[in-house]
Amino acid sequence: MRHSSLYIAENGEEMKIWCCAVLLFCINQPFFLWHIIPPFLLVVLFLFLSVSSFSLKYKYSFSIFCILYFYIGVRGNSSIYGYLGLLCVAMYLLLDRDYLAKILYKFSIVYSVLIFPSIIVYLIHLCTNIFLPTVLIEPLNSLKEETVQYEATLFLVLQYYISPSGELFLFPRFSGYFDEPGVVGTISSILLMCTKYDLKNKFNIPIFISGLLSFSFYFYIVSACYFLFFYKNFKVKIVLLLVMICILYILFDNDFLYKVIFQRFIVEDGGFTGDNRTSESFDLWFNNFLYSSEALWGIGKEGLLYNSGGASYKDIIVQYGLVFFVCYILFYGLFAFKYLGHNFKALIVALFLFVTILYQRPFIENFSYSFFFISFPFLIRKYYSAINANV
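Computed from a prediction, not measured in an experiment: that's the story for all the values here. (Residues numbered from 1 in each chain as written. Predicted model: local features only at pLDDT ≥ 70, side-chain atom pairs only at ≥ 80, totals over all residues. Heavy atoms only, no water.)

Draft legend 1. Structural detail: unusual backbone geometry. The residue Gln-29 is not glycine, and still its phi comes out positive at about 65°. Position of Gln-29 relative to the elements: it lies in the loop between α1 (2-27) and α2 (39-49). What makes Gln-29 partly exposed here is its relative accessible area of 27%. Even without being a glycine, Phe-155 presents a positive backbone phi close to 70°. (Helix = DSSP H or I, 4+ residues; strand = E, 2+ residues; numbered from the N terminus. Buried < 20%, exposed > 50% of the residue type's maximum accessible area, 1.4 Å probe, protein only.)

Next comes the structure, spelled out in C-alpha cells:
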C-alpha cells in the first residue's frame, strides 16, 4: 500500500512538471493564443500547480527581488494588475531549485516536439509549390500592424512585409509559433547552451535546426562563441570550422542568405550592421541622457517612446535608471555565484547567457524571459557538474 501511494505521488509530481512545461510554452505566446488567453492567467495557473514546490528558505532573495520589482511598478505607474504581474515574476524565486531545472528540461522536450512539425511545414511552404491554407491573424504587437501581416497555417505563423505601395513580401526567416524569428533564436540558444549543445540528444536536433532556420543574429553569435570558447574537443572545433568555411563559401553568393545573415556581420561605425536593437537617433539621445540628472532614477514609461520598435538594455536604464540597472545586474550576479560559484565554467555560461539576452531582449517584466533568467542557472548546474545528474 505504501509503495502504491509513493508511486502515485511520484507520478503526480511528474505530471505536474509536464503541465508546467506546457504552460511555459504557452506563456511564450504562440500564435494560437494571441489575444485569446492573457499570459497573466497562464502564469497564475503555473504558480498554482507549483504551490507544493514553494519554499520559504528562499525568502531573502525573494524579498530583494520584490523590492526591485516594486520599484519597477512605481516608476512605471503600474496598475494593480501590473503589480500582481510583477509579484508573480518575483514568486519564481520561491520555487525549489531542482524543480525549476526539471521544468526547464521538460520545456526543452515540449519545445522540441512542437517545433519539429513547424519546421516541416516551413520547409514545405518555402521549398515546394505546395501552399497550405492560411488564416489572417491580428499581430501580437500593435506596432507592427502597419508594416507586417501575419498569416497562420498548421503549426506555423508566416510574416509578410507590407511595402509602402501595399504589396506583400514573404519574410522567409523561420518564426515557428512566435511573432518574430528572434524569439526562436533566443529560446533555442538558451536550451542548447544549458544542455552543452548536446546534439547526441535527439530532442536537441530540432532545437538546433530551428535556430539555424531563424537566421537569428543572436543564435549564430551564441553558437559561435560556445564552440570557440566552451567546447573542449579541439579536433571537433577544427572540423566544424572547416565545414563552416565550406558552407559560407558555397552560400555567400545567395542574395537572400547574404541579406539575412552575412550582411548583418559587416562592421560599420564600430558595430555590426545586424545589431538593430536601437536606432542611430536613439543612441545619440541616450548618450546625452546619461549625463542628465534623470539618468540615475530613469523617466518611467515615457522612456518607451524614445526607442519605439527597438529593444536594448538601454531601455532599462532609460525607464528605471542606472541605480536600478546596477542593482539588478549585481543581484543576478550574486544569485548565479551563490549556486554556481563552485563551477567556474557553469557560472560563466550562465552569466554569458544572462548578459547577452539582457543586451538584446531587456524584457525583465516578461513572464517567460524572467523564468528563463531564474531557472537556467539550475539546469546549467546539472549539465555542467562533474557528474551529470539526472534531470
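Having seen the model, we can carry on.
Draft legend 2. Quick look at the packing of aromatic side chains. Counted by the stated rule, this structure contains 51 aromatic pairs. Ring centres of Tyr-339 and Phe-378 lie 4.9 Å apart, and the angle between their planes is 75°; this geometry places the pair in the edge-to-face category. On the criterion of sequence distance, the pair formed by Tyr-339 in helix α12 (residues 313-340) and Phe-378 in helix α14 (residues 367-383) is long-range, its members being 39 residues apart. For the pair formed by Tyr-339 and Phe-378, the shared burial category is buried. Both rings, one in Phe-373 and one in Phe-376, keep their centres 6.3 Å apart while their planes meet at 80°; by these two values the pair is edge-to-face. You can see Phe-373 and its partner Phe-376 sitting in helix α14, 3 residues apart, about one turn around the helix. (Phe/Tyr/Trp six-rings, centres within 6.5 Å; stacked < 30°, edge-to-face > 60°.)

Draft legend 3. Quick peek at the pairing of strand β4 (residues 168-171). By the bridge criterion, 4 bridges tie strand β3 (residues 156-162) to β4 in an arrangement that is antiparallel. When the bridges of β4 are listed, Tyr-160 appears paired with Leu-170. Taken together, β3 and the strand that follows it, β4, pair antiparallel across an intervening segment of 5 residues, in which Gly-166 is found at a positive phi of about 95°. (Pairing = 2+ DSSP bridges.)

Draft legend 4. Layout of the pairing of strand β2 (residues 148-153). Counting buried residues along β2, 5 of its 6 residues qualify, which places the element largely inside the surrounding structure. Where strand β1 (residues 135-137) lies against β2, 3 bridges are found, and the strand directions are antiparallel. By the bridge assignment for β2, Leu-136 is matched with Glu-151. Here β2 pairs with β3 via 6 bridges, running antiparallel. Note on β3: the bridge partner recorded for Glu-151 is Leu-158. Counting the residues between successive antiparallel strands, the hairpin from β2 to β3 contains 2 residues, one of them, Phe-155, with a positive phi of roughly 70°.

Draft legend 5. Layout of empty space enclosed by the protein. Scanning the entire structure with this criterion turns up 2 cavities of 30 Å³ or more. Forming the walls of the largest cavity are 13 residues, and the residues nearest its centre are Tyr-122, Leu-158, Phe-171, Pro-172 and Arg-173. Going through the elements one at a time, α5 (97-127), β3 and β4 are the ones with two or more residues in the lining of the largest cavity. Broken down by element, the lining of the largest cavity gets its largest block of residues, 4 residues, from β3. For the lining of the largest cavity, the residue count by class is 9 nonpolar, 3 polar and 1 charged. Around the second largest cavity, the lining residues are Phe-65, Leu-93, Tyr-328, Phe-331, Tyr-332, Phe-335, Phe-373 and Ile-374. It is α12 that contributes the most residues to the lining of the second largest cavity, 4 residues altogether. (1 Å grid on protein atoms, 1.4 Å probe; cavity = no way out; pocket = protein on both sides within 12 Å on 5 of 7 lines; lining within 4 Å. Points joined across faces, edges and corners; volume = space filled by probe spheres on them. Nonpolar A, V, L, I, M, F, W, Y, C, P; charged D, E, K, R; others polar.)

Draft legend 6. Local environment of the pattern of salt bridges. Taken as a whole and assessed by the stated rule, the structure comprises 8 salt bridges. One salt bridge in this structure joins Lys-144 and Glu-180, with 3.4 Å as the shortest N-O distance. You can see Lys-144 sitting in the loop between β1 and β2 and its partner Glu-180 sitting in the loop between β4 and α6 (181-194), a full 36 residues away along the chain. Taking the relative accessible area as the measure of exposure, Glu-180 reaches 21% and is therefore partly exposed. Taking the shortest distance from any N to any O, the salt bridge between Asp-283 and Lys-314 comes out at 2.8 Å. Placement of Asp-283 in helix α11 (residues 280-289) and of Lys-314 in helix α12 is noted, with a sequence separation of 31 residues between them. Residue Asp-283 is classed as partly exposed on the basis of its relative accessible area of 21%. It is possible to trace a salt-bridge network through shared partners that takes in Lys-144, Asp-179, Glu-180 and Arg-361. (Salt bridge = Lys/Arg side-chain N within 4 Å of Asp/Glu carboxyl O.)

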